[in-house]
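One-letter residues, chain by chain:
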Amino acid sequence: LASYICARHRRDPDVKQKGVTKPMAMITSTISHYSVDKSAIMMGLGLENVIKLDYETTSPEEFERIVVERGVFCVNSTFGTTSHGTMESMAKFEEVMKRHGVWHHVDACVGAAALFSSKYRHLATELARADSITVDCHKLLNISMQCSCVLVREGALLNSSSTVTAPYLFHKYGNNVDISQRSFQCGRRADGFKLWFCDAVDDLDAQATLVFDRAAEMKDIVAGDERFTLLYPNSPTHICFRVTGREDIDYETAVEGLRQRGSFIEYYVDYFRLVPVNPAFTVQVLKEVLDLIHDVVMTEC
């Protein structure tokens, strides 16, 4: 939300005082997080002005036509989708966004963990060209909830888009010290301190690397097990799969059956999903979980 507000403020600073007086829209992908829609509601943008595209099939020419016709001020991409870990590349659209002054925000809440891994940092090179990114360190880095941050290239926009006068609270020492003038939340937990502390006392490089290493190893195990069909094999963080020959099962029933046996696994509409964040989730545990899933599906679904 903060990034989108910065993007809109850069396009039309008058919105801060006068409100939205001209058509505006933003683009996101069909597999983006629901928070994009929530942000559009909170900004008064409206869901009809959130244009959802399939980035794989949309050409740069079609993309540019939409940008011009709809007054697009911001494009959102996802670096590590919640559903299956896809890392969207926007390279083919970069020239269009630059030519029309469109802000590029990357929802890297999942995939930005690669930045902490010396082994996998190369996966995140496109993030360096974004106008802003969001990172949820409480996800793949296994830090307790909540630990989130937003990084903005033009940091001054955080101030100019949200600064207001409140002499009973904001004093003369200025915005360089008073971070509440750079955020729409006056009071919140110090997530930055939590991240700094965890990095100081733990090895976040090792944790991030573990997730990517284990995901690769576990995908190979699932792919080699004829009882299961691996989905999204190129996902670097998620292990998504179905029970072979039982694609029509009710996944809520299956997950409830697993709960009754003392186990739990996440699912997404029509497949099971694993993300090996917990260091205790070893290959041996995976094999036990796979056996349990197969038994529950074959006997109870």
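Residues numbered from 1 in each chain as written. Predicted model: local features only at pLDDT ≥ 70, side-chain atom pairs only at ≥ 80, totals over all residues. Heavy atoms only, no water.

Q: Sorry, what's going on with the overall build of the chain here?
A: Counting its regular elements, the chain contains 10 helices and 10 strands. Counting all 301 residues of the chain, 47% fall into the buried class. Residue pairs in contact within the chain that sit at least 24 positions apart in sequence constitute 66% of those at least 6 positions apart. Looking at the chain as shown, the accessible area adds up to about 15,600 Å², and 53% of this sits on carbon and sulfur atoms. The centroid of the 32 positive side-chain charges in the chain is displaced by 8 Å from the centroid of its 40 negative side-chain charges. (Helix = DSSP H or I, 4+ residues; strand = E, 2+ residues; numbered from the N terminus. Buried < 20%, exposed > 50% of the residue type's maximum accessible area, 1.4 Å probe, protein only. Contact = heavy atoms within 4.5 Å. Areas by Shrake-Rupley, 256 points an atom, 1.4 Å probe, with all protein chains shown as cover. Lys, Arg positive; Asp, Glu negative; His and termini not counted. Charge placed at Lys NZ, Arg CZ, Asp CG, Glu CD.)

Q: Even after reading the chapter, I still don't get the sheet that holds strand β8 (residues 239–243), so can you show me in this structure?
A: Here we have four strands laid out as an open sheet, ordered β7-β8-β10-β9, and antiparallel in their pairing. For this open sheet the edge positions go to β7 (228–231) and β9 (266–267), each flanked by a neighbour on one side alone. Where β7 meets β8, four bridges bridge the pair, whose relative direction is antiparallel. Bridge pairing in β8 links Leu231 to Cys240. (Pairing = 2+ DSSP bridges.)

Q: Teacher, can you tell me more about the nonpolar core here?
A: Looking at soluble globular proteins, one finds that nonpolar side chains tend to be buried together. Residues Val106, Leu127, Cys137, Leu141 and Ile143 are the most contacted members of the largest nonpolar core, which totals 25 residues. For this core, the secondary structure elements donating two or more residues are β5 (132–136), α7 (191–201) and α8 (204–223). With four residues, α8 is the largest single contributor of residues to this core. Setting aside residues no more than four positions away along its own chain, Leu141 makes contact with Ala113, Phe116, Leu204, Gln207 and Ala208. Counting residues in each nonpolar core, the second largest holds 23 residues, with Ile239, Leu274, Phe281 and Val297 among its members. (Core = buried A, V, L, I, M, F, W, Y, C linked by side-chain atoms within 4.5 Å.)

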